[in-house]
Amino acid sequence: MPATRTTGTEQLSEWTRAFPSHLRSGFAAGRALEFRWPRGVDRSVVVGMGGSAIGADLLRSLTDAETELLLRPVREASLPRWVGPSTLAVAVSYSGETWETLSAFDEAGRRGAPRLAVSSGGRLEERAHLEGVPHLSVPPGLPPRAALGYLLGGLLGLFDPAFPASNRDRLDRASKVLVAHAEELSAQDGPPARLAARIGNRLPWICCSRDLAPVARRWSTQIEENAKRLAHWDVLPESLHNAIVGWDALQRREASRYILIRLEGFTDDGIAHERFEYLGSLLARKKVPVATVRFDVIDRLERTLSAVQWGDYLSLALARRSGVDPLPIDAIQRMKRQLEAGGARRKPVRSGRR
Ligand code: PA5
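Everything numeric here is computed off the predicted structure, so don't read it as measured data.

*Asks:* Please clarify how the domain arrangement of the protein should be interpreted in this entry.
*Replies:* Size of an interface: often given as the accessible area lost when the parts come together. Parsing the protein into structural domains produces domain 1 (8-166) and domain 2 (190-322). The C-alpha centroid of domain 2 is placed 27 Å from the C-alpha centroid of domain 1. Taken together, the contact between domain 1 and domain 2 spans 18 residues of the former and 16 residues of the latter. Roughly 1,700 Å² of surface becomes buried between domain 1 and domain 2 when both sides are summed, with 65% attributable to carbon and sulfur atoms. Three residues stand out in domain 1 for area buried against domain 2, namely Thr16, Leu58 and Arg145, and they jointly supply 32% of the buried area on that side. Among the salt bridges present, the one from arginine 300 reaches glutamate 66, with a minimum N-O distance of 2.9 Å. The interface formed by domain 1 and domain 2 holds 3 residue pairs in polar contact (both at pLDDT 80 or more) in total. When contributions to the side of domain 1 that touches domain 2 are tallied by element, the ones reaching two or more residues are helix 1 (2-17), helix 2 (19-32), helix 3 (54-66) and helix 6 (148-159). Element by element, the count of residues in the side of domain 1 that touches domain 2 is highest for helix 3, at 7 residues. For the side of domain 1 that touches domain 2, the class distribution of residues is 10 nonpolar, 3 polar and 5 charged.

Structure representation (structure tokens):
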């Protein structure tokens, strides 16, 4: 119904526009929790699913490059065997009700791992309070994917002491840049809308180097959920060791099904360029179009956030072009109703020899 469509589009656009302010307030809340790292803890798992998981990947791209901390995002109900008393386990579930996240949270408790929880309420918050686990509250009422600012900002705040210097000023600077770009990016004829037109009905195959890999994943999942269509993300040089065989075998008549979108980052060096050129010339022979979106920003945090913002607007532009309401995600809700009722009774498979 047209009225609902307008509402969904407007709401998501509004939340996308609020991303910079969500980031800042999430960061402030994360810092305010004043979580003290337990002695002897030098690694962390951040457990979550879907919209609640991507913040951990984005954070990891920063911690890997700028800190000594070993951080592993986990997207399942059971934890790696090495998680124990010297690993901080952070459970992130926007609703606080996700079966996999709750199971992993409980498992971390049984293993004696120090824990933290992040949610807008739900059973995760209840359990955290009951078990004396510090809990970071994020505001309720958003779809998890639209709460990325709060979730990522919150994680950045919690992990801020692991960085050589606080991220506060850098985040403020980055937020200002995001605000300054929002108008152009959301315009009906802005760069994301123009790329959406180029994509048309093709499957967007989003490709980048390691630096922007979590961003490519976010682009892909936002396109899936907001525009209700498949997308794929891929990282070079790895895909030159597998996906290239599929590209090489592509028939000319299949070329109209795909478009390669290259996310080019500031850290892409001569080696990365050479590899993209190689793939690009193979695709040119196959008549698969290639679009490049360049994020020529020196600061890693600003680059990452700018690239996330760009992709969020692209997903909304694709939804607009196809006339779909970006808000509902019925398929996820149906899946949860059907599987989580059973899942709640089942125990996850424990890590072990078998
Ligand atoms: O985008 C979504 O709604 C999903 O990917 C959810 O984030 C996912 O199902 C997990 O739910 P929650 O974020 O509430 O833990």
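And the narrative resumes.
*Asks:* Quick question: what am I supposed to make of the packing of helix 2 against helix 7 (residues 168-186) here?
*Replies:* Helix 7 packs onto helix 2 with a crossing angle of 165 degrees between their chain directions and a minimal axis gap of 8 Å. Our classification of the angle between helix 2 and helix 7 gives roughly antiparallel. For the pair helix 2 and helix 7, the sense of crossing is left-handed. On helix 7, the residues that touch Phe19, Pro20, Leu23, Arg24 and Phe27 of helix 2 are Arg168, Leu171, Asp172, Ser175, Leu178 and Val179. Counted by class, the contact of helix 2 with helix 7 contains 7 nonpolar, 1 polar and 3 charged residues.

*Asks:* What's the story with the pattern of salt bridges in this structure? I'm lost.
*Replies:* Any two side chains of opposite charge can pair, so long as their charged atoms come close to each other. Taken as a whole and judged by the stated rule, the model has 19 salt bridges. One salt bridge in this structure joins glutamate 264 and arginine 262, with 3.9 Å as the shortest N-O distance. The exposure classification of glutamate 264 matches that of arginine 262, with both residues buried. Salt-bridge contacts for arginine 294 lead to aspartate 296; the nearest nitrogen and oxygen are separated by 3.0 Å. Residue classification places arginine 294 among the partly exposed residues on the basis of a relative accessible area of 39%. Among the ionic contacts, a cluster of salt bridges with common partners joins Glu66, Arg170, Asp211, Asp299, Arg300 and Arg303.

*Asks:* Could you clarify how one ought to interpret the layout of surface pockets in this entry?
*Replies:* Over the atoms rolls a probe the size of a water molecule, and in doing so it shows where empty space is left. By volume, the largest pocket is sized at about 530 Å³. Among the elements of the structure, helix 3, helix 9 (213-227) and helix 11 (270-286) are those that each provide at least two residues to the lining of the largest pocket. It is helix 3 that provides the largest number of residues to the lining of the largest pocket, a total of 5 residues. The residue makeup of the lining of the largest pocket, split by class, is 9 nonpolar, 3 polar and 11 charged. Looking at the lining of the largest pocket, you find at least three residues from each of domain 1 (8-166) and domain 2 (190-322). Around the second largest pocket, the lining is made up of 22 residues, and of these Met49, Gly51, Pro144, Ile332 and Lys336 lie nearest the centre. Of all the elements, helix 13 (residues 330-345) adds the most residues to the lining of the second largest pocket, at 6 residues.

*Asks:* Could you clarify how one ought to interpret the sheet that holds strand 9 (residues 290-295) in this entry?
*Replies:* Through backbone hydrogen bonds, the strands of a sheet pair up, either in parallel or in antiparallel fashion. As summarised here, the arrangement of the 4 strands in space is 7-6-8-9, forming an open sheet in which the pairing is parallel. Because the sheet does not close on itself, it has two edges, and the strands there are strand 7 (232-235) and strand 9. Taken pair by pair, the neighbouring strands of this sheet meet at an average axis angle of 25 degrees, ignoring direction. Two strands pair when backbone bridges link them, and strand 6 (residues 203-208) and strand 8 (residues 258-265) are joined in this way by 6 bridges, in the parallel orientation. Considered in strand 8, the bridge of leucine 203 is made with tyrosine 258. Docked against the sheet, helix 9 engages strand 6, strand 7, strand 8 and strand 9, running at close to 165 degrees with respect to strand 6. Across the face of the sheet, helix 11 comes into contact with strand 6, strand 8 and strand 9 while running at roughly 165 degrees to strand 8.

*Asks:* Could you clarify how one ought to interpret empty space enclosed by the protein in this entry?
*Replies:* For the structure shown, the criterion picks out 3 cavities of 30 Å³ or more. Contributing to the lining of the largest cavity are 13 residues, with Thr16, Arg145, Ala146, Arg218 and Asp312 lying nearest its centre. At the level of elements, helix 1, helix 2, helix 6 and helix 9 are the ones that each hand at least two residues to the lining of the largest cavity. In this structure, the lining of the largest cavity is formed jointly by two domains, domain 1 (8-166) and domain 2 (190-322), each of which donates at least three residues.

Thresholds applied
- Residues numbered from 1 in each chain as written.
- Predicted model: local features only at pLDDT ≥ 70, side-chain atom pairs only at ≥ 80, totals over all residues.
- Heavy atoms only, no water.
- Domains from an automatic or database assignment.
- Contact = heavy atoms within 4.5 Å.
- Buried area = accessible area lost by both parts, 1.4 Å probe.
- Salt bridge = Lys/Arg side-chain N within 4 Å of Asp/Glu carboxyl O.
- Polar contact = N/O pair within 3.5 Å; in protein donor to acceptor, adjacent residues only side chain to side chain.
- Helix = DSSP H or I, 4+ residues; strand = E, 2+ residues; numbered from the N terminus.
- Nonpolar A, V, L, I, M, F, W, Y, C, P; charged D, E, K, R; others polar.
- Axes fitted to C-alpha atoms, helices over the stretch in contact; angles between N-to-C directions.
- Parallel < 35°, antiparallel > 145°, perpendicular 65-115°, else oblique.
- Left-handed = near helix turned anticlockwise from the far one by under 90°.
- Buried < 20%, exposed > 50% of the residue type's maximum accessible area, 1.4 Å probe, protein only.
- 1 Å grid on protein atoms, 1.4 Å probe; cavity = no way out; pocket = protein on both sides within 12 Å on 5 of 7 lines; lining within 4 Å.
- Points joined across faces, edges and corners; volume = space filled by probe spheres on them.
- Pairing = 2+ DSSP bridges.

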